[in-house]
Amino acid sequence: GKSIYLVATSLDTAGQARKKYPDASSNMRDLHAAGMKVICGVDCQELHRRTEFRQSFTKIVFNFPHLGGDGNNVMQHQQLLRKFMCSAAQCLVADEDSEVHITLKDSEPYRSWSVPTIAQQALAPTRQFPALQFSKIVDFKAERWPGYVHRRTKGDAYAEARGLDHGNVLDGAKTTIFRLSPEYLQAGQQPA
């Protein structure tokens, strides 16, 4: 079968993650023990700036992107996703099967973020064409990811104080899948 190599990233530093999520240390340890890599302090909008990430992945997955807060600032979230898509495209292997997956709850305010439309605005570096094109939308099935638990940007204590659990986010969630655009592939796009 295919071998799988996973690189898990987090905007939080390792110290911040340990403070926000009680099981962060054990999760990182388990991933390392399985031969996977964990890198903390990674901004999703700057993935392409890490030389080891450029044209290195066949799939890049961003589950439940969020800036914190209430999520109602549509334009800020759209900007986050636009920059993420531009950056992620440069980290994909130049192949028609390479994909970016973005998972969101299928309700407001997340629908207002217009993820498929954002991809059309995520231009390839120095080009006037989109780096990614919409492929499809599928149901997010957490059970396919043994041990998967949704984490809130503000941490477990924030969620517990408000009576939130991962069910309120996972129920009805959808994954939007994008592939490299034909123009991007034809141009033999190199990272800027």
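The structure we're discussing is the one just above.
This one's a predicted model, so the numbers in the text were calculated from it and none came from an experiment.

A.B. asks: Is there a simple way to explain the environment of R82 in this structure?
C.D. replies: Checked against the element boundaries, R82 lands in helix α3 (residues 74-89). Through-space distance from the C-alpha of R82 to that of Q120 is 9.0 Å; in sequence the pair is 38 residues apart. For R82, the contacting residues outside a window of four places in its chain are I118, Q121 and A122.

A.B. asks: Explain the sheet that holds strand β6 (residues 173-180) to me, please; I cannot follow it from the model alone.
C.D. replies: The strand order across the open sheet built from four strands is β3-β4-β6-β5, with neighbouring strands paired in mixed fashion. The sheet is open, and its two borders are formed by β3 (59-63) and β5 (132-139), each paired with just one other strand. Strand-to-strand twist in this sheet, taken as the mean axis angle between neighbours without regard to direction, amounts to 20 degrees. Across five bridges, the pairing between β3 and strand β4 (residues 99-105) is parallel. Directly across from F62, in β4, lies its bridge partner I102. In this fold α3 packs onto β3, β4, β5 and β6, with an angle of close to 155 degrees to the strand it touches most, β4.

A.B. asks: When you look at the side chain of H101 in this model, what are you seeing that I'm missing?
C.D. replies: Tracing the backbone shows H101 in strand β4. The exposure class assigned to H101 is buried, which follows from its relative accessible area of 15%. At 2.7 Å, the side chain of H101 forms a polar contact with the side chain of E99. Here H101 is in contact with K59, I60, V61, F62, T175, T176 and I177, once residues within four sequence places are set aside.

Here is what the cut-offs are and how they apply
Residues numbered from 1 in each chain as written. Predicted model: local features only at pLDDT ≥ 70, side-chain atom pairs only at ≥ 80, totals over all residues. Heavy atoms only, no water. Helix = DSSP H or I, 4+ residues; strand = E, 2+ residues; numbered from the N terminus. Contact = heavy atoms within 4.5 Å. Pairing = 2+ DSSP bridges. Axes fitted to C-alpha atoms, helices over the stretch in contact; angles between N-to-C directions. Buried < 20%, exposed > 50% of the residue type's maximum accessible area, 1.4 Å probe, protein only. Polar contact = N/O pair within 3.5 Å; in protein donor to acceptor, adjacent residues only side chain to side chain.

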